[in-house]
Amino acid sequence: MVKIRLQRQGAKKAPFYHIVVADSRRARDGKIIEKIGSYDPMTEPSTIVIDNEKFAAWVKNGAKPTDSVKSLVERVNKK
Amino acid sequence: MLIFFCAKYYLLKIGSDEKLEKNIQVSMLCQIYGKMLTKKQYEFINDYYNNDLSLSEIAENNNITRQAVRDIIKKGESKLFELEEKLAFMERTLKQDKQLQEILQELSKIEDTSSDKKIAKILEHVCQELSCLA
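Residues numbered from 1 in each chain as written. Chains lettered and ligands numbered in written order. Predicted model: local features only at pLDDT ≥ 70, side-chain atom pairs only at ≥ 80, totals over all residues.

A. Molecular detail of the pairing of strand β1 (residues 2–10) of chain A. Residues and elements named next belong to chain A. Here 9 bridges tie β1 to strand β2 (residues 15–23), and the two strands are oriented antiparallel to one another. By the bridge assignment for β2, Lys 3 is matched with Ala 22. Joining the antiparallel neighbours β1 and β2 is a turn of 4 residues. Bridge count for β1 against strand β5 (residues 64–65) is 2 bridges, and the pairing is parallel. Paired with Lys 3 across the bridge in β5 is Lys 64. (Pairing = 2+ DSSP bridges. Helix = DSSP H or I, 4+ residues; strand = E, 2+ residues; numbered from the N terminus.)

B. Inspection of the nonpolar core at higher detail. Residues and elements named next belong to chain A. In this structure, Ile 4, Ile 19 and Val 21 are the most contacted members of the largest nonpolar core, which totals 17 residues. Elements supplying a minimum of two residues to this core: β1, β2, β3 (34–40), β4 (46–51), α1 (52–60) and α2 (67–78). Ranked by the residues each element gives to this core, the list is headed by β2, at 5 residues. Other than its neighbours up to four places away in sequence, Ile 4 contacts Ile 19, Val 21, Phe 55, Trp 58, Ala 63, Pro 65, Thr 66 and Val 69. (Core = buried A, V, L, I, M, F, W, Y, C linked by C-beta atoms within 7 Å. Buried ≥ 20, exposed ≤ 12 C-beta atoms within 10 Å, placed from the backbone. Contact = placed C-beta atoms within 7 Å.)

C. Representation of the domain arrangement of chain B. The domain boundaries assigned to chain B delineate domain 1 (17–87) and domain 2 (92–133). Look at where the C-alpha atoms of domain 1 of chain B and domain 2 of chain B centre, and you get two points 37 Å apart. (Domains from an automatic or database assignment.)

D. Geometry of the packing of helix α2 (residues 39–50) of chain B against helix α4 (residues 66–87) of chain B. Residue and element names in this part refer to chain B. As a packed pair, α2 and α4 sit with axes 9 Å apart at the nearest point and diverge in direction by 100 degrees. As far as their axial angle goes, α4 and α2 are roughly perpendicular. Residues Lys 40, Gln 41, Phe 44, Ile 45 and Tyr 48 of α2 touch α4, and the partners they reach there are Val 69, Ile 72, Ile 73, Lys 75 and Gly 76. Here the contact of α2 with α4 is built from residues that sort into 6 nonpolar, 2 polar and 2 charged. (Axes fitted to C-alpha atoms, helices over the stretch in contact; angles between N-to-C directions. Parallel < 35°, antiparallel > 145°, perpendicular 65-115°, else oblique. Nonpolar A, V, L, I, M, F, W, Y, C, P; charged D, E, K, R; others polar.)

E. Main features of helix α1 (residues 18–33) of chain B. Compared with the 22 Å implied by 1.5 Å per residue over 16 residues, the 22 Å span of α1(B) between its first and last C-alpha is a close match. Those residues of α1(B) that sit buried are B:Asn23, B:Ser27, B:Met28, B:Leu29, B:Cys30 and B:Tyr33. Along its buried surface, α1(B) packs onto β1, β2 and α2 of chain A together with α2, α4 and α5 (89–113) of chain B. (Expected span 1.5 Å × (residues − 1).)

Here is the structure:
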């Protein structure tokens, strides 16, 4: 199954996440299909960048977002 | 709160919510104290918090039950929080980073106002050295 999930990047004390589309069986090797956004929790306030068109297209095609991605997208759409 | 609308990107600046905040905290603790955990605890916490895998996916990858994965992660988490409570390494390093940034800001202000070239050169050197620590 294709999933939309967060992928941690960044340094030891500075986490930074990419929002990626990846095969659920290949989550651990870091192979992704497409990067559709990013989330930086270290800025004050935190920064979320997401390509909503791509997100909607992937969901339409059957990709399943994880809870954390869902909550980020909800927060973007609320505003 | 700031919201920027670009052609197709939506950039939103907002305060972080509680669950995500906890995830980030555990992820950072795992990077600092990860070596103190068992191999399984480290692997599962890394998968759950850094690779955003679900409990079921981790269970499937390791041929164990979802409940077992949850127990291992919970045990690992409490060990991480216990270590942080005793050693406070993360708290101290974050505090140090903040102070370092403040010092760098102050130094750049002095550097801008200083007319003495020798002092400006020394300050520039100090700033460079401190930036490496940040």
